[in-house]
Amino acid sequence: MLELKNVKKSFGKNKILKGVDINVNKGDVVVILGPSGSGKTTLLRTINFLERADSGTMIFDGKTYDMKKAGKKDVNFIRKNTAFVFQNYCLFNNKTVLQNVTEGLIVGRKVPKAEAEEKARAALEKVGMLEYADYYPSKLSGGMQQRVGIARAVAVSPDIILFDEPTSALDPELVGDVLKVIKKLAKEDITMIVVTHEMSFAEDVANKVIFMADGVVVEEGTPDEIFYRPKEERTKQFLSRIIPMDNYVI
């Protein structure tokens, strides 16, 4: 479904991505882990061109794109077939929950209002937020706002949902509700790429884990392989701060 080859991105003299390759199949839940500054979020943002890669190739839905030179038509196609869930919700404060979800459908995809509202209500019900359809974001907790953000992504029926640390801005007691929603989506075979620090979530839900550091993919494999049988020393160093070394099978 999605393949990235040799993706590079710099900000000034700071090289963030140094030639990243990843492959995502339909129905995959890919979790990207790594220390701060490893390039995880930048990689995610290059996938739907929130950041323009300096170089690299994307194969998406059977078509190959030059990530530096892709034109407006190609970028719009990729964005219409992907959805992005941000760290900080990015809701419109002057619009209700329902309007936040319908906005992208009506304005971005020219869906008739009645159809857009039907899709939005179905998505809100899926994330447990339908009863708050007429609320404004200021009346919602952070976890509730993030669930609206997830509903907005689900409503457009994308091929892939990209999650950028969806629980990082939440108080600890709100994290569980958001993770439950994402786990529910995973069971529905929705393809997802999730940047997160939630190790237990990654172990429970992902079928592939990618560990990044210093702008490159250091290691990838199943959750069991990465968490309990890591091969690379850099991976072991990262995980040793989180998982007791006694759990490793070396």
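Quick caveat, the model's predicted, so the values are computed rather than measured.

What links the strands of a sheet is backbone hydrogen bonding, and the strands pair in either a parallel or an antiparallel sense. The strand order across the open sheet built from four strands is β2-β1-β4-β5, with neighbouring strands paired in antiparallel fashion. The open sheet has two free edges, formed respectively by β2 (14–24) and β5 (63–66), since each of these has just one partner strand. Averaged over all pairs of adjacent strands, the angle between their axes in this sheet comes to 20 degrees, without regard to strand direction. Bridging between strand β1 (residues 2–11) and β2 involves eight bridges; their strand directions are antiparallel. Looking at β2, one finds that Ser 10 is bridged to Lys 15. Running at roughly 120 degrees to β5, helix α2 (residues 72–80) makes contact with β4 (55–60) and β5 of the sheet.

In space, the six strands of this open sheet follow the order β6-β7-β8-β3-β9-β10, with mixed pairing throughout. For this open sheet the edge positions go to β6 (82–85) and β10 (216–221), each flanked by a neighbour on one side alone. Averaged over all neighbouring strand pairs, the angle between strand axes comes to 20 degrees, with direction disregarded. Helix-sheet contacts for helix α9 (residues 233–240) involve β3 (29–33), β9 (208–213) and β10, and the interaxial angle to β9 is about 95 degrees.

This next bit is on the pattern of salt bridges. Side chains that differ in charge, positive against negative, can pair when their charged atoms come close. Summed over the entire model, instances satisfying the criterion amount to nine salt bridges. With its nearest N and O atoms 3.6 Å apart, the salt bridge here joins Glu 51 to Arg 45. When the shortest N-O distance is used, the salt bridge between Lys 63 and Asp 74 registers 3.3 Å. Here Asp 74 lies in helix α2 and Lys 63 lies in strand β5, a separation of eleven residues in the sequence. Exposure remark for Asp 74: the relative accessible area of 22% places this residue in the partly exposed category.

Another point: the side chain of Gln 145. Secondary-structure assignment places Gln 145 in helix α5 (residues 142–155). Residue classification places Gln 145 among the buried residues on the basis of a relative accessible area of 14%. Not counting residues within four places of it along the chain, the set of residues in contact with Gln 145 comprises Tyr 89, Leu 91, Pro 137 and Leu 140.

Here the focus is the pairing of β10. Sheet analysis places β9 next to β10, joined by five bridges and oriented antiparallel. Each residue of the ladder has a partner; that of Ile 210, found in β10, is Glu 220. Linking β9 back to β10 in an antiparallel pair, the connection comprises two residues, with Asp 214 at a positive phi of about 55 degrees.

Inspection of the secondary structure puts Thr 46 in helix α1 (residues 40–47). Look at Thr 46 and you get buried, because its relative accessible area is 0%. Once residues within four sequence positions are removed from consideration, Thr 46 is found in contact with Val 7, Leu 17, Glu 51, Ala 53, Met 58 and Met 67.

This next bit is on unusual backbone geometry. Positive phi, close to 55 degrees, is recorded for Asp 61, a residue that is not glycine. With respect to the helices, strands and loops of the structure, Asp 61 is situated in the loop between β4 and β5. A relative accessible area of 52% means that Asp 61 is categorised as exposed. Of note in the backbone geometry, Glu 165 takes a positive phi value of approximately 45 degrees without being a glycine. With respect to the secondary-structure elements, Glu 165 resides in the loop between β7 (160–164) and α6 (172–187). By relative accessible area, Glu 165 is classed as buried at 13%.

Let's shift gears to helix α3 (residues 97–109). Helix length check: α3 (13 residues) gives 18 Å between terminal C-alpha atoms against 18 Å at 1.5 Å per residue, within 8%. The sharpest bend along α3 measures roughly 30 degrees and falls at Glu 103. Where α3 is concerned, the buried positions are Val 97, Leu 98, Asn 100, Val 101, Thr 102 and Leu 105. The inward-facing, buried residues of α3 contact α4 (113–126) and α5. A positive backbone phi angle near 60 degrees is found at Lys 110, which sits one or two residues after α3.

Basis of the calculations
Residues numbered from 1 in each chain as written. Predicted model: local features only at pLDDT ≥ 70, side-chain atom pairs only at ≥ 80, totals over all residues. Heavy atoms only, no water. Pairing = 2+ DSSP bridges. Helix = DSSP H or I, 4+ residues; strand = E, 2+ residues; numbered from the N terminus. Axes fitted to C-alpha atoms, helices over the stretch in contact; angles between N-to-C directions. Contact = heavy atoms within 4.5 Å. Salt bridge = Lys/Arg side-chain N within 4 Å of Asp/Glu carboxyl O. Buried < 20%, exposed > 50% of the residue type's maximum accessible area, 1.4 Å probe, protein only. Expected span 1.5 Å × (residues − 1). Bend = angle between axes of the 7 residues up to and from the residue.

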